[in-house]
Amino acid sequence: MQKTLTFSDHLRLIDERSTAFRAAVAAAPSLDLAVPSCPGWTLFDLVQHLGLGRRRSAAIVAAGPADAPPDKSAWDDGTGAPREREALLAWWTESVERLTSTLREAGPDRGCWTFWGDSQSPETSGAWARRQVPEIAVHTYDVQLTVGDPEPLPEEVALDGFDDCQFTLCATDVAWPHEPAVVDYHATEGRSWRLRLSRDGAWAARLGDADPDPDTAHVSARGTASDLVLFFYGRILPDSPKLELDGDRRIFDQLIAWDPSA
């Protein structure tokens, strides 16, 4: 049976991945190291980006129902993150605490502005909590990669994170600009997803053992849930030996290049 993570689970995982991120940054030999998976960024830039993003998410949740995000002044005073390592790590910890305390106060059902209003995910504080986990986890991988010792995303994080990627970031009612296609993803941990692309947009579904017609897919990717998430975020390329691709690989190239918000 597939476990559905709760709001409390997501808060726990935010804390766990944030702690792992802090530890990876603390162990790095220099904050000036270039991050290979984020071209143009140093480790300092990555910490500042992620910390400001958590503060922005907290401000969005705190604002409640809205037609637009709060003004930048609500989450960024313009001073940026401190450059000294211990001060930077303390600033990161405070950024996460601001986020988690705001989420706990809001609970899972508060309506909020989101950037995924055309997706299959709710526009709530609970969805914002879920969204944080893969974001922090992937950037933790970035730090680990920078120092030469990347670890797979934990299974619980990766399975729920890839589900969120499909239903929140992929799903849209914006018309797919190419020939209609069906894309399947199979995690070796035993879960599968299907993304249908057409003039009606991109719509995700979870696949189970009883789902018919497995040959419907035009292209598929199989790998661990961690590798599927890293593939989605561009940390693993389509030709990686960690992935087993089958079918018309051009569809993945089209997906990677597609920006429905453009």
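Residues numbered from 1 in each chain as written. Predicted model: local features only at pLDDT ≥ 70, side-chain atom pairs only at ≥ 80, totals over all residues. Heavy atoms only, no water.

**Student:** How should the side chain of Ser 37 be read in this particular structure?
**Tutor:** Locating Ser 37 in the fold gives a position in the loop between helix H1 (7–27) and helix H2 (43–63). Within the structure, Ser 37 has its side chain in polar contact with the side chain of Asp 142 (distance 2.6 Å). When neighbours within four sequence positions are excluded, Ser 37 is seen to be in contact with Asp 142, Leu 145 and Arg 235. (Helix = DSSP H or I, 4+ residues; strand = E, 2+ residues; numbered from the N terminus. Polar contact = N/O pair within 3.5 Å; in protein donor to acceptor, adjacent residues only side chain to side chain. Contact = heavy atoms within 4.5 Å.)

**Student:** Explanation requested: the pattern of salt bridges in the structure shown.
**Tutor:** Any two side chains of opposite charge can pair, given that their charged atoms come close. One pass over the full model with this rule turns up 16 salt bridges. One salt bridge in this structure joins Glu 135 and Arg 131, with 2.7 Å as the shortest N-O distance. Placement of the pair is Glu 135 and Arg 131 together in helix H4 (residues 125–146), with a separation of 4 residues, close to one helical turn. Residue Arg 131 is classed as buried on the basis of its relative accessible area, which comes to 3%. Through salt bridges with shared partners, one network takes in Arg 130, Arg 131, Glu 135, Asp 160, Asp 163, Asp 164 and Arg 206. (Salt bridge = Lys/Arg side-chain N within 4 Å of Asp/Glu carboxyl O. Buried < 20%, exposed > 50% of the residue type's maximum accessible area, 1.4 Å probe, protein only.)

**Student:** Would you explain the packing of aromatic side chains in this entry?
**Tutor:** Given two aromatic rings, one states the distance between the centres and the angle between the planes to describe the pair. Under the counting rule described, the total for this entry stands at 10 aromatic pairs. Look at Phe 162 and Tyr 185: their rings are 5.0 Å apart centre to centre, the planes differ by 70 degrees, and that puts the pair in the edge-to-face class. Taken together, the residues span a long stretch of sequence, with Phe 162 in helix H5 (residues 155–170) and Tyr 185 in strand S1 (residues 181–187) at a distance of 23 residues. Both rings, one in Phe 162 and one in Trp 193, keep their centres 4.9 Å apart while their planes meet at 70 degrees; by these two values the pair is edge-to-face. Residue Phe 162 is found in helix H5, and its partner Trp 193 is found in strand S2 (residues 191–198); the two are separated by 31 residues along the sequence. Taken together through their ring pairs, the aromatic side chains of Phe 162, Tyr 185, Trp 193, Phe 231 and Phe 252 make up a single cluster. Above the face of the Phe 44 ring, Arg 83 is positioned so that its terminal group lies 4.0 Å from the ring centre. Between the NZ or CZ atom of Arg 206 and the centre of the ring of Phe 167, over which it lies, the distance is 4.4 Å. (Phe/Tyr/Trp six-rings, centres within 6.5 Å; stacked < 30°, edge-to-face > 60°. Lys NZ or Arg CZ within 6 Å of the ring centre and 35° of its normal.)

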